[in-house]
Amino acid sequence: MNHDPTRRNLTGLLLSLPLLARAQVWKPDRNVEYIVPAGAGAALDAAGREIKAQIERLQLLSVPMIVSNRPGGAGMVAMSALAAKPGDGHLLATLTHSSINNKLVGEVALGYEDFTPLAILFDETITVAVRADSPIRTARDLVAALKKDPTSLSIGVATSIGNHIHAAIAKPLQVAGVDITRLTVVPFKSSGESMTNLLGGHLDIISASAINVVPQLKAGKIRVLAVASAERLGGDLAGVPTWREQGVDAVYTSSQGVQGAKGLTPAQVGFWEGVLKRVTGTPEWEAFLAKNHWKPRFLGSAEARAYLDIEARSARMLLGQLGLLKK
């Protein structure tokens with residue numbers, strides 16, 4: 001009989017290796033629910049369904065994925081559903097940039113810190129637009145008018161004061177020297193509604209995502225003054241200059257991704273990172289982003305959390321200057 005303790009320990013370790021290896025492997029073994037904090041047909045819904053379509057096309061799951069629309073409460077309805085199942089890797093939800101601002105202003109009680117960011121997938125660009133007959137023809141004209149009187153022009157945003165759509169116009173105006181605490185900002189339920197009010201003469205300006213301004217730009221009914229991205233967009237918006245090109249050194253990015261429940265294991269996080277990385281590496285995904293005027297940007301879980309932390313600090317500063325931080 002061998003009484004060598006070193007050999008016994010080595011033998012035990014070798015026997016345990018298959019168990020350790022199996023413990024590091026995880027994949028869904030029942031239906032996966034993908035929660036979208038918006039109604040069917042919205043931009044958030046389109047992105048969620050495209051993720052599902054790519055996963056199915058690439059056969060990355062052996063179980064069905066179901067897209068579940070849970071709009072309402074500035075995303076709180078969707079986040080509450082995710083918060084109810086900590087540690088459950090079979091539940092995913094859209095991660096929106098607006099969730100940072102919404103928590104800071106007190107509109108919702110939950111934010112990205114309460115979940116597991118799995119990946120950032122792309123950036124949404126916010127634009128500033130006026131009616132085609134507006135005397136304001138450039139971002140410089142806009143800055144000049146608002147420096148003279150910050151209350152003189154009404155600005156429509158969706159869907160709430162202090163969110164990313166509001167921040168995307170407030171930040172460059174602040175950099176340009178406008179008193180952003182005195183702006184006349186009007187919230188609407190959707191960018192479609194703010195656009196209707198702009199065209200009807202009830203608003204002077206709207207801040208809205210790129211996809212929402214293209215139809216009316218092509219119809220010749222509006223003029224897009226600036227995009228908040230670091231570089232110009234392509235396609236129908238190729239002729240629209242950035243804020244930087246017009247003398248305002250400001251960039252604002254609104255990102256979208258996927259998050260899981262709080263308390264996911266490294267194996268669960270690794271599985272979904274791999275799946276989402278595969279999804280974003282396809283020509284079909286790139287074509288989908290281009291169609292919606294979204295810029296590809298993949299960040300894995302750890303990078304995504306670090307990025308969101310930086311964005312949260314920046315948002316806190318801006319919202320504090322606007323006097324909108326929850327007290």
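Now for a look at the structure at hand. Model, not experiment: these values are computed from the prediction. (Residues numbered from 1 in each chain as written. Predicted model: local features only at pLDDT ≥ 70, side-chain atom pairs only at ≥ 80, totals over all residues. Heavy atoms only, no water.)

Below, the discussion takes up the side chain of Asp88. Positionally, Asp88 belongs in the loop between helix 3 (76-83) and strand 3 (91-96). Here the side chain of Asp88 touches His90 through a polar contact of 2.9 Å, landing on its backbone nitrogen. The residues touching Asp88, leaving out its near neighbours within four places in the chain, are Arg30, Ala261, Leu264 and Gln268. (Helix = DSSP H or I, 4+ residues; strand = E, 2+ residues; numbered from the N terminus. Polar contact = N/O pair within 3.5 Å; in protein donor to acceptor, adjacent residues only side chain to side chain. Contact = heavy atoms within 4.5 Å.)

Attention shifts here to the sheet that holds strand 2 (residues 65-69). Within a sheet, neighbouring strands are paired by backbone hydrogen bonds and run either parallel or antiparallel to one another. With respect to topology, six strands assemble into an open sheet ordered 2-1-3-10-4-11, the strand pairing being mixed. For this open sheet the edge positions go to strand 2 and strand 11 (294-299), each flanked by a neighbour on one side alone. The mean angle between the axes of side-by-side strands here comes to 25 degrees, regardless of whether they run parallel or antiparallel. Bridging between strand 3 and strand 10 (residues 254-260) involves five bridges; their strand directions are antiparallel. When the sheet's bridge partners are listed, Ala93 is paired in strand 10 with Gln259. Relative to the sheet, helix 9 (residues 266-280) contacts strand 1 (32-36), strand 2, strand 3, strand 4 (116-124), strand 10 and strand 11, its axis offset from that of strand 4 by approximately 20 degrees. (Pairing = 2+ DSSP bridges. Axes fitted to C-alpha atoms, helices over the stretch in contact; angles between N-to-C directions.)

Moving on: the environment of Gln59. Structurally, Gln59 can be placed in the loop between helix 2 (43-58) and strand 2. Owing to a relative accessible area of 67%, Gln59 belongs among the exposed residues under this scheme. With 216 residues separating them along the chain, Gln59 and Val275 place their C-alpha atoms 10.0 Å apart. (Buried < 20%, exposed > 50% of the residue type's maximum accessible area, 1.4 Å probe, protein only.)

When charged atoms on two side chains of opposite charge get close, those side chains can pair. Within this structure, the stated rule accounts for 12 salt bridges. As a salt-bridge pair, Asp114 and Lys103 come within 3.2 Å of each other at their nearest N and O atoms. Within this pair, whereas Asp114 is found in the loop between helix 4 (98-104) and strand 4, its partner Lys103 is found in helix 4, the two being separated by 11 residues in sequence. Using a relative accessible area of 26% as the deciding quantity, one classes Lys103 as partly exposed. Taken together, the shared-partner salt bridges in this structure form one network comprising Lys103, Glu113 and Asp114. (Salt bridge = Lys/Arg side-chain N within 4 Å of Asp/Glu carboxyl O.)

Following both chains from N to C, one finds helix 6 (residues 164-175) and helix 11 (residues 301-322) inclined at 75 degrees, their axes separated by 11 Å at the closest point. In terms of axis orientation, helix 6 runs roughly perpendicular to helix 11. Judged by residue contacts, His166, Ala167, Ala170, Lys171 and Gln174 of helix 6 engage Leu318, Gln321 and Leu322 from helix 11. Partitioned by chemical class, the residues of the contact of helix 6 with helix 11 number four nonpolar, three polar and one charged. (Parallel < 35°, antiparallel > 145°, perpendicular 65-115°, else oblique. Nonpolar A, V, L, I, M, F, W, Y, C, P; charged D, E, K, R; others polar.)

Before going further, it helps to spend a moment on the packing of helix 7 (residues 191-199) against helix 8 (residues 210-218). Where helix 7 contacts helix 8, the two axes come as close as 10 Å, and the packing angle between them is 35 degrees. Handedness of the crossing formed by helix 7 with helix 8: right-handed. Between helix 7, through Ser191, Met195 and Leu199, and helix 8, the contact on the second element is made entirely by Asn212, Val213 and Gln216. In terms of residue class, the contact of helix 7 with helix 8 is built from three nonpolar, three polar and no charged. (Left-handed = near helix turned anticlockwise from the far one by under 90°.)

Burial of strand 9 (residues 222-227) is extensive: six of the six residues sit out of reach of the surface. With five bridges joining them, strand 5 (residues 126-131) and strand 9 adopt antiparallel strand pairing. The residue of strand 9 that forms the bridge with Val128 is Ala226.

Moving on, we get to the packing of aromatic side chains. Evaluation of the coordinates by the stated rule reveals six aromatic pairs. Relative to Trp272, the ring of Phe271 has its centre 5.0 Å away and its plane inclined at 80 degrees; by these criteria the two rings are edge-to-face. Just as Phe271 is buried, Trp272 falls in that class too. On the numbers, 5.6 Å between centres and 40 degrees between planes, the contact of Trp285 with Phe288 is tilted. Pair noted here: Trp285 and Phe288 are both in helix 10 (residues 283-291), with a separation of three residues, about one helical turn. The residues Trp285 and Phe288 share a single accessibility class, namely buried. Aromatic rings pair up to connect Phe122, Trp285, Phe288 and Trp294 into one cluster. (Phe/Tyr/Trp six-rings, centres within 6.5 Å; stacked < 30°, edge-to-face > 60°.)

With that settled, consider the nonpolar core. With 45 residues, the main nonpolar core has Leu142, Leu173, Leu183, Ile205 and Trp243 as its most contacted residues. Put simply, the parts of the chain that give this core at least two residues each are helix 4, strand 5, helix 5 (139-148), strand 6 (154-158), helix 6, strand 9 and helix 11. For this core, the leading source of residues is helix 11, giving eight residues. Among all residues touching Trp243, those that are not within four sequence positions of it are Val128, Ala139, Leu142, Val143, Pro172, Leu173, Ala226, Val227, Ala228, Val248 and Ala250. With 42 residues, the next largest nonpolar core counts Ile51, Leu118, Ala261 and Val279 among its residues. (Core = buried A, V, L, I, M, F, W, Y, C linked by side-chain atoms within 4.5 Å.)

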